[in-house]
Every structure is written in structure tokens, then in C-alpha cells.
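# Residue-level structure breakdown
Spelled out, the chains give:
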Amino acid sequence: MKSMVGDAGKDRAPYSLRHRFRIVLALFASLVLYSAIRSPVPGVNEPHILTKARHYWDPNFCRGDFYLESPDVYIVFYHTVGLLTRWMTLEQTAWTGRVIALLVLAVGFDRLVSRIVPSRWSSLWVAWIYLSIAAIGRAFRFFLEDWSARIFDLSGEWIVGGIEAKVFAYGFLFAAMGCWIDARRYRAALLAGLAISFHPVVGVWGLIAAVFASLVERRHRRDDVAPPSRAVRQLRQWIVTAALLLVAASPGLIPALKFASGADPVLQQKAAYIQTFYRLQHHLDPMAIPWIAYGSYLGLAAVWLVGRRRACLNPGERWFTWFVAGSVLVLLAGVLLGLRTGPPAEMPLWQIRARLLRFYPFRLADAMIPLAASMVIVGLARQVAARKADQTSRQIGLFRAIPGAALVCALIACIFLPSLDRNPSRLSTQQLADWKDVCGWIAAKTPVDALFLTPTFNSGFKWYAHRPEFVCYKDCPQDAAGIVQWNNRLRFLSDWRSAHADSRGRISAEAISKLRELSKTYEANGIQYIVSVDGWLGPFPLDAVYENRTCRVYSLEGILKPLSR
């Protein structure tokens, strides 16, 4: 079978299986090291993801938490990694899930990169350059402490960090791309289907970009007209390929389609507005992406487009180029959808545009443009090395030492550059220790079904305390009804504070005593406990049932008594 993306034989890495194993092992170790150092457990999204996975298998875990009891999206992830929560703690599940997912990612990454960049250790080179670009972007945000001033970070997409369904999805997608370059259609279809199953958004955008790249390549090969018998055989192969893709994608795609189409249209519109222009604005709204982020990606795109013509790359790079171009077209469509001069609600057809933007049109390009630039940088380095082949042996040895030094610099950058992901709670060292202490007391001393009001922007309450929360900014459901209720709960708390706080922001004991009754509009038993953290919520003029240096727990059971003065 002839490849549509070039000579498949030339694209395949000419190295032994043992050598490929060593490369994948080194790449895997690098990814695990980066993940462990740059994003310690629990990572920024792991409490959000894994507590829901545990609740999926154990409904008694944080029973009554409205986020955990909202409809589930990533069914395949819950049935694989989530299943581990039945026998492991959340922390053990996070580490085990990271190891498995990063192994999948390492295999897929090597499968793709080795088909494009013809170098024995190209996968490792490209990976460290790619991760260094991400680390520089994170460090830039850390030093400026300003989300709106980010570089090399278009819409907040990342691949290596904590455990999420999308890490598996990218691993399978990269492997599928490598198989497609090798003209292994059936394997590519199965792997692409698995990518869709684990994360429909990542997988479907990847599939669309792959179809676009293949159609462009086919158009460039119009002169290759197959005889009728071969055309029939090719049609049969395409049918089998599509069938394999659908079978592999169905476990995750069918629930996602039902999930996206099951709500009332009016509710869907409200949810789309809240999610696109408020909760996930930094991911979904092109007007929320700073110009410096666009500029940094234009720079990476320039490196890729200019350098690819001079870099030493395999023929499969042509198909990969069109794949990246497809992701850029999706990005540009997203920019056009969100482009406006006034508030979002004043955009023509804002309801449709907001719902389309919910599908993360910037996600794939956010990941692929830095990857393409990293491949070109390695390809250019190899090209320069080839030109130096006629120099003296001393010069050759000196030149060959330069890439090794660059790799060491990349390693140091990835490990030591600061990152906000090392402390997603944003608490000081003292506050974080006190936060864990008070959560431990709650887990040991309070009823398992007690509902807590916590600081809205806290990180990991359910992870550490194993108790339900009234609302948490991070834990926003993904169904339309849940998104609207999440927003209503936040507004309820904001209105309550505004109505009862004095000029100094203090809230009376009487107003707090009414909170439980007011909250019964949302929960049958209402809020039963309040957790305060200095600088975030409270302290309140009440007797705490437990406290340490910066955190306190207040009970709303019975009559609340003001502290004696």
C-alpha cells in the first residue's frame, strides 16, 4: 500500500528495537522528572479530576457535593485511571496515573518525532526543547505575577504536568500520527479512536487536522490514478479504517455527544456564556488572550515556517506541516468567532458563537505550534552538523559538544525555573501547612456528610478533608444545569456578603447564623460548617470548634454564640 505522505520506508526510523527502547525509556524518565518537579502531587487539576473519579466509584465519598454529583464526562478515564481509587489513595492514584499516562505519551511522542526528525536521539532533543519553551512561559508568568502577560502560553494548554484524560489523548494522537506517516492506516485509526475516547475534544480536533492534512496531500497527488481493481481495494480499506476509528472512539464519544445535547436550549445558552466568557475565559475567549501571547506564538510559527525549508527532516514532515496548518485554521476560526469590540452579549449571534467557542478551538494549535518549532530547531541543528562534516576532527568534536551543552541547559531550565504550578493553592508555606492540618481534623472529627463553606478559591479541600463543599470556583460542573447552578451559588454568597458585611468587611454572628437557613435553597440540610483562612474568608466573631495559626472551623449547628470581648 502506497503512503499518501511520502515514502513510508524513508520515514521510518532505521534504528533497532533495542535502541528505540532506550530512547523511549530516556524520554519517559525525562517526562516523569519534569512532571514530578514542576507539578508536585496534587497538581493544579488533580483534586478537581481525581476526586470526581473516586466519587464515580464510591458515591459515599463527599456525598452531597453538587460538583461531584454532576454528570460525568470522561467515562473512559474514570473506568481506567479512576478505577485505581477503589484500592489506592488519591495521591497514590495520581502518581500511578501519571506514570501510565506519561509512558503512553513517551511512546506516542517518539513514534511521531522519529518519523519526522532523522536523528538517533531526536525524540529526546525535541521533548526537552518543547518542555523548555513551556517552562520559560510559566516562569514569565511567575516573575510578573500577571496572567495577562504570558508568553509561549496561548490558551493555557499543557501536556506534561498532572494526570488528566488529555495526557492519554495526546499520547494516542501522536502515536496515530506516526502510524499514519508510516501508512499504517488501521493502527492509526485505532489509536486516533482511543484519543477520542479518552478526551473527545483533543481527539476530534486532532482527527479534523489529520483529515485536512490528508486531503491536501491527496490533492497534490492527483496524477496518481489507481486502476479500478485497486480503487475498490482502497475503498474497502477506507471503510475498514473508518469502522475501526468509530469502534475505538465510541466508548468516550457517545457519552460526550449525549452530554452535549441533553439540556434545554435556554439553559445551554446561559451555560455557554458563563463558561466561555467567565469561568474558562482564559481558555476559550480570544479577546482574553493577551497580545504578547499571540506575538510569542507568531514568533514560534515563524521559526517553524522559515526553518522547515532549511532543516534536515524526513518526507513525512510535509504531512505534519499540513496537520499543524489545520490546527492553525481551527485557531483562526476561533478568533473570528470571538472577535468583537464590545461586551460578549452584544455580538451578533452570540449564543451560537459562545457555544462553538466552548469546544476549545485554540487547544490543538496551542500544543502543536511549539512542537513544530522544536522539531525544526533540532532539524536545523542536524543540518548545521552535516555542513561541518568537512572540518577538522577537533572542530567537529567541539561542535558536537554544543548540542549536549544545550540539552543540559534545557534540563536545568525545566527543573529550576520557577512555576506557579509548584503551588497551585497560592497559599504561603505557613498557610498551606495549616490548611492541611485543619482539613485533617475535619476528616477525622466531622460527619462524613457535613456540608462545608470554604474559601471560594481554595485548592484541594475535598482532596484533603474528604467532605462536600457548598461551592468551589475550581470545581465547576460541565453540564449546562450544573454550570448555571455553580454560578448561582457563587452569586448567592457574594450577595450574602454584600448584604451583611459592614464598612470593614466584618459579618455579624447573627448574619452567619442565618446562612444555614438561606443556603437550604440549594441544599436540603444547608451549610453546616465554615472553614476560614486568614486573608481569604473570615475570621468571624464566633467560637471556633477547631483552629490553628491561620485557619479556623466554625459550626453552624445549634445556636451560635459571639466571642466574649
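Per chain, the residues get numbers from 1 upward, laid out in the order the sequence is written. It should be noted that, the model being predicted, local features are given only for residues of pLDDT at least 70 and side-chain atom pairs only at 80 or more, the latter also being counted only at that level, while totals for whole chains, interfaces and linings use all residues. By convention in this description, side-chain values take in all heavy atoms of the structure and omit both hydrogens and water.

### Section: the nonpolar core
Our working definition: The nonpolar core is taken to be a set of buried Ala, Val, Leu, Ile, Met, Phe, Trp, Tyr and Cys residues, with the residues joined through side-chain atoms within 4.5 Å. Accessible area is worked out with a 1.4 Å probe on protein chains only. A residue is then buried under 20% of its type maximum, exposed over 50%, and partly exposed in between. Under the scheme used here, helices are H or I runs from DSSP no shorter than 4 residues and strands are E runs no shorter than 2 residues, and both carry numbers assigned from the N terminus. Note on contacts: a residue pair is in contact if any heavy atoms of the two residues lie within 4.5 Å.
Ranked by internal contacts, the top residues of the largest apolar core, which has 105 residues, are Phe77, Phe174, Phe320 and Leu371. It is helix α7 (residues 165-181) that contributes the most residues to this core, 14 residues altogether. In this view, phenylalanine 77 contacts Ile49, Leu50, Gly82, Ile163, Glu164, Ala165, Phe168 and Phe198; residues no more than four positions away in its chain are not counted.

### Considering the pairing of strand β4 (residues 551-555)
Rules: For two strands to be treated as a pair, DSSP must find no fewer than two bridges joining them.
By the criterion of burial, β4 is predominantly enclosed, with five of the five residues buried. Because side chains alternate across β4, one face comprises the buried residues Cys551, Val553 and Ser555, and the other comprises Arg552 and Tyr554, equally buried. One ladder, built from five bridges, connects strand β2 (residues 529-533) with β4; its direction is antiparallel. In the strand pairing of β4, valine 533 is matched with cysteine 551. Counting the residues between successive antiparallel strands, the hairpin from strand β3 (residues 546-547) to β4 contains three residues.

### So, unusual backbone geometry
In the segment running from valine 41 into proline 42, the intervening peptide bond is cis, with an omega of -5°. The topology assignment puts proline 42 in the loop between α2 (17-38) and α3 (46-57). Positioned with a positive phi, tyrosine 360 is a non-glycine residue whose angle comes to about 55°. With respect to the helices, strands and loops of the structure, tyrosine 360 is situated in the loop between α15 (350-357) and α16 (363-387). Accessibility expressed as a relative area gives 18% for tyrosine 360, which makes it buried. With a phi angle near 60°, histidine 466 is a residue other than glycine that sits in the positive phi range. Here histidine 466 is to be found in the loop between α19 (461-465) and α20 (480-500).

### Points about the sheet that holds β3
In plain terms, the rule: To obtain an axis, a line is fitted to C-alpha atoms, over the contacting stretch when the element is a helix, and the angle between two such axes runs from 0 to 180 degrees between their N-to-C directions.
One open sheet holds the four strands; their spatial order is β1-β2-β4-β3, and the pairing between them is mixed. Every other strand in the sheet has two partners, leaving β1 (452-453) and β3 as the edge strands with one partner each. Note: β3 against β4, two bridges, orientation antiparallel. Along β4, the bridge assignment pairs tyrosine 546 with valine 553. Contacting β1, β2, β3 and β4, helix α18 (residues 429-445) crosses the sheet at an angle of about 30° to β4.

### Details of helix α14 (residues 317-338)
Convention followed: Every helix has an expected span of 1.5 Å times one less than the residues it contains.
Taking 1.5 Å of rise per residue, the 22 residues of α14 would be expected to cover 32 Å, and the 32 Å separating its terminal C-alpha atoms lies within 8% of that figure. For α14, the complete set of buried residues consists of Glu317, Trp319, Phe320, Thr321, Phe323, Val324, Gly326, Ser327, Val330, Leu331, Gly334 and Gly338.

### Some thoughts on a nonpolar patch on the surface
So the rule is basically this: Here the term patch refers to residues with relative accessible area over 30% and no salt bridge, with like charges joined within 9 Å and nonpolar side chains (Val, Leu, Ile, Met, Phe, Trp, Tyr) within 5 Å. Using a 1.4 Å probe, accessible areas were evaluated by the Shrake-Rupley method; residue-level cover was limited to the displayed protein chains. Any Lys or Arg side-chain nitrogen found within 4 Å of a carboxyl oxygen on Asp or Glu counts as a salt bridge.
A cluster of nonpolar side chains, Leu349, Ile352, Leu356 and Phe359, forms an exposed patch at the surface whose accessible area comes to about 410 Å². With respect to the helices, strands and loops of the structure, leucine 356 is situated in helix α15.

### Digging into the side chain of serine 532
Mapping serine 532 onto the fold places it in strand β2. Since its relative accessible area comes to 0%, serine 532 is described here as buried. If near-sequence neighbours (up to four positions away) are discounted, serine 532 is found in contact with Leu537, Gly538, Pro539, Phe540, Thr550, Cys551, Arg552 and Tyr554.

### Points about the environment of glutamine 275
Residue position: glutamine 275 is located in helix α11 (residues 265-279). Not counting chain neighbours up to four residues away, the residues in contact with glutamine 275 comprise Leu280, Gln281, Leu284, Arg358 and Ile483.

### Here we look at the packing of helix α5 (residues 90-113) against helix α6 (residues 122-144)
We apply this condition: By the definition adopted for this analysis, an angle is roughly parallel if under 35 degrees, roughly antiparallel if over 145, roughly perpendicular if from 65 to 115, and oblique otherwise. All amino acids are sorted into three groups, where Ala, Val, Leu, Ile, Met, Phe, Trp, Tyr, Cys and Pro are nonpolar, Asp, Glu, Lys and Arg are charged, and the leftover types, Gly among them, are polar.
Where α5 contacts α6, the axes come no closer than 9 Å and their chain directions differ by 110°. As summarised for this structure, α5 and α6 are arranged roughly perpendicular, according to the angle between their axes. Between α5 and α6, the contacting residues are Phe109, Asp110 and Val113 on the first element and Ser122, Ser123, Val126 and Ala127 on the second. Here the contact of α5 with α6 is built from residues that sort into four nonpolar, two polar and one charged.

### So, the environment of valine 202
With respect to the element layout, valine 202 can be found in helix α9 (residues 200-219). Sequence separation between valine 202 and alanine 169 is 33 residues; the distance between their C-alpha atoms is 6.6 Å. Setting aside chain neighbours within four positions, we find valine 202 in contact with Lys166, Ala169, Tyr170, Leu173 and Arg363.

### Structural notes on the pairing of β2
For β2, the tally of buried residues reaches five of five residues, placing the bulk of the element in the interior. Burial along β2 is two-sided: Tyr529, Val531 and Val533 and Ile530 and Ser532, pointing in opposite directions, are all buried. Alignment of β1 against β2, held across two bridges, turns out to be parallel. Across the sheet, residue phenylalanine 452 finds its bridge partner in β2, namely tyrosine 529.

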